[in-house]
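A structural walkthrough
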Amino acid sequence: MTEKILAIILAKMACYVPAGGIWLNTQRPEWNDANNALAGYGLSMVTLYYLRRFIVFLNGVYSQADKAHFAVTGETAAFFKTLSALFASEQPAALVAPSRRRSFMDKTGSLFESWRETLYRQGYADRVDSLEAKDLVGGLSAFLAHIEDTIRRNERSDGLYHAYNTMKICPDGGIEVEYLTEMLEGQVAVLSSGFLSEEAALSLCRKLRAGRLFRADQYSYILYPDKELPHFCAKNNVPAAEIQLIPFLEKALKAGDTSVGSFDENKVFHFNSAFKNALVMEPALQGAAKKFAATEKEVQAVRDLYEKTFEHRSFTGRSGTFYAYEGLGSIYWHMVSKLLLAVQENILAAARPETRKALLEVYYDVRAGIGFNKTPEVYGAFPTDPYSHTPAGQGAKQPGMTGHVKEEVLTRWTELGIRINDGILSLDPEFLSTHELRADGSLRFSWCNTAFVYRLDKPLGTELTINISEARQKPDFSKTLRVTSIAVRDSTGNTAERPGNKLSREESAEIFARSGKIREIEAQIQWS
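Here goes a summary of the coordinates provided. A quick note: this is a predicted structure, and the numbers were derived from the prediction, not measured. (Residues numbered from 1 in each chain as written. Predicted model: local features only at pLDDT ≥ 70, side-chain atom pairs only at ≥ 80, totals over all residues. Heavy atoms only, no water.)

1. Concerning the overall build of the chain
Looking only at helices and strands, the chain has 17 helices and 22 strands in total. For the C-alpha atoms alone, the extent of the chain along its principal axes is close to 100 × 65 × 35 Å. When each of the 528 residues of the chain is scored for burial, the buried share is 49%. Considering only residue pairs separated by 6 or more positions, the chain has 70% of its internal contacts joining residues 24 or more positions apart. (Helix = DSSP H or I, 4+ residues; strand = E, 2+ residues; numbered from the N terminus. Buried < 20%, exposed > 50% of the residue type's maximum accessible area, 1.4 Å probe, protein only. Contact = heavy atoms within 4.5 Å.)

2. Focus: the pattern of salt bridges
A complete count under the given rule lists 32 salt bridges for this structure. The closest approach of N and O atoms between arginine 102 and aspartate 106, which form a salt bridge, is 3.0 Å. Taken together, the positions of arginine 102 and aspartate 106, both in helix H4 (residues 98–122) and four residues apart, correspond to about one turn of that helix. Judged by relative accessible area, aspartate 106 falls into the partly exposed class, the value being 39%. Taken together, the shared-partner salt bridges connect Arg156, Asp158, Glu182 and Arg212 into one network. (Salt bridge = Lys/Arg side-chain N within 4 Å of Asp/Glu carboxyl O.)

3. Let's talk about the packing of aromatic side chains
The relation between two aromatic rings is expressed through the spacing of the ring centres and the mutual angle of the planes. Applying the stated criterion across every chain yields a total of 26 aromatic pairs. Plain terms: the ring middles of phenylalanine 263 and phenylalanine 269 are 6.0 Å apart, the flat faces sit at 80 degrees to each other, and that makes the pair edge-to-face. Note on phenylalanine 263: relative accessible area 28%, which makes it partly exposed. Take phenylalanine 269: its relative accessible area is 0%, and that puts it in the buried class. Measuring from ring centre to ring centre gives 5.2 Å for phenylalanine 269 and phenylalanine 271, while their planes differ by 80 degrees; the resulting arrangement is edge-to-face. No difference in accessibility class separates phenylalanine 269 from phenylalanine 271, as the two residues are buried. Geometry around tyrosine 41 places arginine 313 over its ring, the cationic atom sitting 5.8 Å from the centre. (Phe/Tyr/Trp six-rings, centres within 6.5 Å; stacked < 30°, edge-to-face > 60°. Lys NZ or Arg CZ within 6 Å of the ring centre and 35° of its normal.)

The following block contains the structure:
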């Protein structure tokens, strides 16, 4: 298992770009294939956020492991030791300069290439090596120091976090990081990473709600800010003043050379329409440069002007050009459900009661925008049916059991109070509000083929009677539900009662196994 885990981590960390993210150099997109044009120049902060979570988890596992040594192949052990030693030898802040970034990437790339080519050539050798738990923790911690430095550097000026960046190779060989617009995926990933403090998580959620990603008509979040695409006639237009800054190009145009581009009757410059990209332009550019004795600085200025005009490196795919199918203005319901789960995880991790309560309000604000809270007129479909996405100005599209169903199942278990720690099941329904309870103060559900019943210690009185439609939008969490005692009824009719909210380890195991030996769990609850 350690071999497989390290293979995943090493493949990612060998493609790490300091202050930028994980290099998408395999020509494959990530979760959102609407961003598939990022493969090549793209850098994923999303992967780095989740990698941070994974490594923190693994450090905990290996730190507490009973074993002192873990078997891996010799090739993987050697690669892990050399790569982690390289990371440990470098200070993260020192790798931000383009030249240092490039030098570091060349080193990691060479190590990765050697490991990869050895495996392609001969496969895994018979020799089995081992790594000590302390060495695994030390190596993973070296990776973690760099990951967290990059996360800090990717906080935006608006308080959100970058999702994807791009890299630019400079004329001198250095590598610069350039930033793209905000994306919902990045906010979900950094909330899931565990990196943010509870106050920072709350701040991000509030800024997200007040920002450009919130779509008021559906009371939910789009993947990226909506925008008006430029008209065809507004593209490929360069002011004459820009050309005057490149003497050889101005000279070529005056001589009638239109191989690179030409002026129109309004003295607006247009690049040659035959150029599909900068590579196609390069032969014509070199020809004009030779003919008119251009300096390398002038040639690079033309390349920079071409990129400035068309922004090819910032092209993400249909996410920036389509108006449906995860395009502009689209809500992708799976990502909204991932946001819901990420907020819920931060609630469970928060220690301060006031922050926990504020995050709980954020959670139900996100939840209010999901389909089952809407009318068919607003949702554009049956509210309880799962759909892929909702384009701008339209109803839900592409029905099917999309990924968001999984997240909603997970969040619902937590809402109902299911908690598992060290193999022991406990009940903590702090997420529930009054509208979830029946008039007699009870709520019933099943989990692992076992019936669960919550019963309020006194029936709902008039002071707790609320408008259900309002409660679904803004539940009242001035008080929370707390389990005071439980009764465990087995299949033989016996009942074991006890104070508190925990089952025994043996009872928990029977429920997890769905053995049928435990028929029902009844919990007494009260407002506090």
